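Spelled out, the chains give:
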Amino acid sequence: QVQLVESGGGLVQPGGSLRLSCAASGSLFSINAMAWYRQAPGKQRELVARITSDSSINYATSVKGRFTISRDNAKHTVNLQMNSLKPEDTAVYYCNAVVVTTTSTSFDAWGQGTLVTVSS
């Protein structure tokens, strides 16, 4: 069993910053890619940022230059620093990890989601 636990969401004014964190725990051997997705009301879930185990990174066009993803492989954590937030960034943000377990199976793990609201 593998769990992803997110933290750091909340209410922030436009132009403000938030930092999301996600920690993986449980019967995992290693983690390949880690990512943040988001889902706004009435919209499909979309990829925000993704980082591989060798730190190759890609961002959604809408967040490039404002968001920064980072990870700590030893601690099995991934962070998302969000700056210059806009109302359209309002969404539930989900942590995702491609986990390799101690029994050598691989699967997608998801966190429970954390709400980010950007509003004045």
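Please read all numbers here as calculations on a predicted model, not as lab measurements.

Undergrad: Kindly report on the side chain of D89, identifying the contributing residues and their values.
TA: For D89, the position within the fold is in the loop between β8 (77-82) and β9 (91-101). The class for D89 is buried, based on a relative accessible area of 1%. At 2.7 Å, the side chain of D89 and the side chain of R66 are in polar contact. Sequence-distant contacts of D89, defined by excluding residues within four places in its chain, comprise R38, R66, F67, S84, V116 and V118.

Undergrad: Which residues make up the environment of R66, and what values do they have?
TA: With respect to the helices and strands, the residue R66 is situated in the loop between β6 (57-59) and β7 (67-72). With 49 residues separating them in the primary sequence, R66 and S17 have C-alpha atoms 9.4 Å apart. The residues touching R66, leaving out its near neighbours within four places in the chain, are Q81, M82, N83, S84, L85, K86 and D89. At a separation of 2.9 Å, a polar atom in the side chain of R66 contacts the main-chain carbonyl oxygen of S62.

Undergrad: Requested: an account of unusual backbone geometry, with residues and values cited.
TA: Glycine aside, negative phi is the norm for most residues, and most peptide bonds take the trans geometry. If you check the backbone angles, H76 has positive phi at about 60° while not being a glycine. Looking at the element boundaries, H76 is found in the loop between β7 and β8. Taking the relative accessible area as the measure of exposure, H76 reaches 21% and is therefore partly exposed. With a phi angle near 70°, S104 is a residue other than glycine that sits in the positive phi range. Topologically, S104 is positioned in the loop between β9 and β10 (106-110).

Undergrad: Requested: an account of the nonpolar core, with residues and values cited.
TA: Grouped together as the largest cluster of nonpolar side chains are 31 residues, with contacts concentrated most on W36, V48, F67, V78, L80, M82 and Y93. For this core, the secondary-structure elements that each account for two or more residues are β1 (2-7), β3 (18-26), β4 (28-39), β5 (46-51), β7, β8, β9 and β11 (114-118). The dominant element in this core, judged by the number of residues it contributes, is β9, at five residues.

Undergrad: Give a description of the sheet that holds β8 that names residues and reports values.
TA: Taken together, the four strands give an open sheet; going across it, the order is β1-β3-β8-β7, and neighbouring strands pair in antiparallel fashion. Strands at the two margins of the open sheet, each flanked by one partner only, are β1 and β7. For this sheet, the mean inter-axis angle between neighbouring strands, taken without regard to orientation, is 15°. The sheet contact formed by β3 and β8 spans six bridges and is antiparallel. Note that in β8 the partner of L18 across the bridge is M82.

Undergrad: If you had to explain the pairing of β3 to someone new, which residues and values would you point to?
TA: A regular strand carries its side chains on alternate faces of the sheet. Across six bridges, the pairing between β1 and β3 is antiparallel. Bridged to V2 within β3 is G26.

What counts as what
- Residues numbered from 1 in each chain as written.
- Predicted model: local features only at pLDDT ≥ 70, side-chain atom pairs only at ≥ 80, totals over all residues.
- Heavy atoms only, no water.
- Helix = DSSP H or I, 4+ residues; strand = E, 2+ residues; numbered from the N terminus.
- Buried < 20%, exposed > 50% of the residue type's maximum accessible area, 1.4 Å probe, protein only.
- Polar contact = N/O pair within 3.5 Å; in protein donor to acceptor, adjacent residues only side chain to side chain.
- Contact = heavy atoms within 4.5 Å.
- Core = buried A, V, L, I, M, F, W, Y, C linked by side-chain atoms within 4.5 Å.
- Pairing = 2+ DSSP bridges.
- Axes fitted to C-alpha atoms, helices over the stretch in contact; angles between N-to-C directions.

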